[in-house]
Amino acid sequence: MSYLVIMRHGESEANRDKIFTGWNDVPLTAKGIEQAHYAGKLIEELNIDFDDVHTSFLIRAIDTAHIVLKEIHQEYINEHKTWRLNERHYGALRGKQKSYIKEKYGEKQFKLWRRSFSAVPPLLKKSDNELRYEKIGVKEPRGESLKMAYKRILSYWIDGIAPKLLDNHNQLIVAHGSTLRALIKYLDKISDKDIDKVEVPNGKPIVYEFDSRLNIISKKMMK
């Protein structure tokens, strides 16, 4: 038996201002910091000894993870940062107000870009090629559908997380809304059509309990 706790970072400035973000770095708001501390307190009540924490290359997730680890007094555990847990890349939508995109392109197209599994947002003309990704040989996407992000996230799950759970090593993931929607789609066997109904709130831990074959015994969202 093993436990996996997943949670979305606390509220970021982009969440507060309702701006498409993706791979852009934005800090947590004061509310987001409070959410991270509260989530840590909730996780502490579980009395789970974690072996690893996994997070993205983005500061809002990294900062949230560090706050949580401090709250649960497990700052010593192995920390793994990976671009594969980055938020979905919103391409040319990033940095734009969601209300502006909805007004310009209409409600239907807005929902497709934001919530559907396969819709690809308008692409950037060229990749950013930031140093943090160049150093590890990763070419930044110009935009991603959730389906495209799902593939990179599933690859990390198979290689970096599932084997640890199978060895009875409890795992903590602190990542992003779309990242976690993709992982939940896989774990809960949600269809391509129904994934648009899944929402992952900021700072709300979700606890999975697995048997020895990684079948789900229980799942709950902490509040």
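Values in this document were obtained by computation on a predicted structure and should not be read as measured data.

What counts, and where the lines are drawn
Numbering of residues starts from 1 in each chain and follows the order in which that chain's sequence is written. Since the coordinates come from a predicted model, pLDDT governs what is reported: local features require at least 70, and pairs of side-chain atoms require 80 or more to be given and counted, while whole-chain, interface and lining totals use all residues. Hydrogens and water molecules were not included; the side-chain quantities draw on all heavy atoms of the structure. A cavity here means a set of points on a 1 Å grid, drawn over the protein atoms and nothing else, where a 1.4 Å probe fits but cannot get out; a pocket is an open set with protein on both sides within 12 Å along at least five of seven lines, and a residue lines either one if it has an atom within 4 Å of a point. Grid points are joined across faces, edges and corners, and a volume is the space filled by probe spheres set on the points. Where helices and strands are cited, they refer to DSSP runs of H or I of at least four residues and of E of at least two residues respectively, numbered from the N terminus. Residue polarity follows a fixed list, in which Ala, Val, Leu, Ile, Met, Phe, Trp, Tyr, Cys and Pro are nonpolar, Asp, Glu, Lys and Arg are charged, and the others, Gly among them, are polar. The pairing test for Phe, Tyr and Trp rings, Trp by its six-membered ring, is centres within 6.5 Å, and the orientation test on the planes gives stacked under 30 degrees, edge-to-face over 60, and tilted for anything in between. Exposed residues in this analysis have more than 50% of their type's maximum accessible area, buried residues have under 20%, and partly exposed residues fall in between, with area computed by a 1.4 Å probe over protein chains only. For helices, the fitted axis covers only the stretch in contact; all axes are lines through C-alpha atoms, and the angles between them, taken along N-to-C directions, range from 0 to 180 degrees. We call two directions roughly parallel when the angle between them is under 35 degrees, roughly antiparallel when it is over 145, roughly perpendicular when it lies between 65 and 115, and oblique otherwise. Left-handed describes a crossing whose near helix is turned anticlockwise from the far helix through less than a right angle; right-handed describes the clockwise counterpart. Here a residue-residue contact requires only that any non-hydrogen atoms of the pair lie within 4.5 Å. Only buried residues count toward a nonpolar core. Its members are Ala, Val, Leu, Ile, Met, Phe, Trp, Tyr and Cys residues joined through side-chain atoms within 4.5 Å. In short, DSSP must find at least two bridges between two strands for them to pair.

(A) Up close: the layout of surface pockets. Counted as a void, the largest pocket has a volume near 450 Å³. Considering the residues around the largest pocket, the lining is formed by 25 residues, among which Arg8, Asn15, Tyr90, Lys98 and Arg114 are closest to the centre. Taken together, the elements giving at least two residues each to the lining of the largest pocket come down to α4 (98-105), α5 (107-115) and α8 (177-188). Of the residues contributing to the lining of the largest pocket, the split by class is 5 nonpolar, 10 polar and 10 charged.

(B) Broad picture of the packing of aromatic side chains. Evaluation of the coordinates by the stated rule reveals 10 aromatic pairs. For the ring pair Tyr105 and Trp113, a centre distance of 4.9 Å and an interplane angle of 75 degrees mean the geometry is edge-to-face. The class for Tyr105 is partly exposed, based on a relative accessible area of 38%. For Trp113, a relative accessible area of 9% translates into the label buried. Relative to Phe210, the ring of Tyr208 lies with its centre 5.9 Å away and its plane at 10 degrees, an arrangement referred to as stacked. Each of the two residues, Tyr208 as well as Phe210, counts as buried. Among the aromatic residues, those joined into a ring-pair cluster are Trp23, Phe57, Trp83 and Tyr133.

(C) Broad picture of the packing of helix α2 (residues 30-44) against helix α3 (residues 59-71). Running from amino to carboxyl end, α2 crosses α3 at an angle of 40 degrees, the nearest separation of the two axes being 8 Å. The pairing of α2 with α3 is recorded here as oblique in orientation. α2 and α3 meet at a crossing whose hand is right-handed. Only Thr64, Ile67, Val68 and Glu71 of α3 make contact with α2, whose side of the interface consists of Ile33, Ala36, His37, Gly40, Lys41, Ile43 and Glu44. Looking at the contact of α2 with α3, its residues break down into 5 nonpolar, 3 polar and 3 charged.

(D) Region of interest: the side chain of Asn202. Secondary-structure assignment places Asn202 in the loop between α8 and β5 (206-210). Non-local contacts of Asn202, meaning those with residues more than four positions away in its chain, are made with Arg8, His9, Gly10, Glu11, Asn15 and Gln35.

(E) Layout of the nonpolar core. Core analysis: the largest hydrophobic core is formed by 28 residues, its most contacted members being Leu4, Ile6, Trp157, Ile173, Ile184, Tyr208 and Phe210. Only β1 (2-8), α7 (146-166), β4 (171-175), α8 and β5 provide two or more residues apiece to this core. The element contributing the most residues to this core is α7, with 9 residues. Apart from the residues lying within four places of it in its own chain, the contact partners of Ile173 are Leu4, Val5, Ile6, Met7, His54, Leu85, Ile161, Leu180 and Leu183. Residues Ala39, Val68, Leu69 and Ile72 belong to the second largest nonpolar core, which totals 17 residues.

(F) Quick look at the pairing of strand β6 (residues 216-221). When β5 meets β6, the two strands line up antiparallel, connected through 5 bridges. Of the residues in β6, the one forming a bridge with Glu209 is Ser218. Following β5, the chain reverses through 5 residues before pairing antiparallel with β6; Leu214 in that reversal takes a positive phi of roughly 65 degrees.

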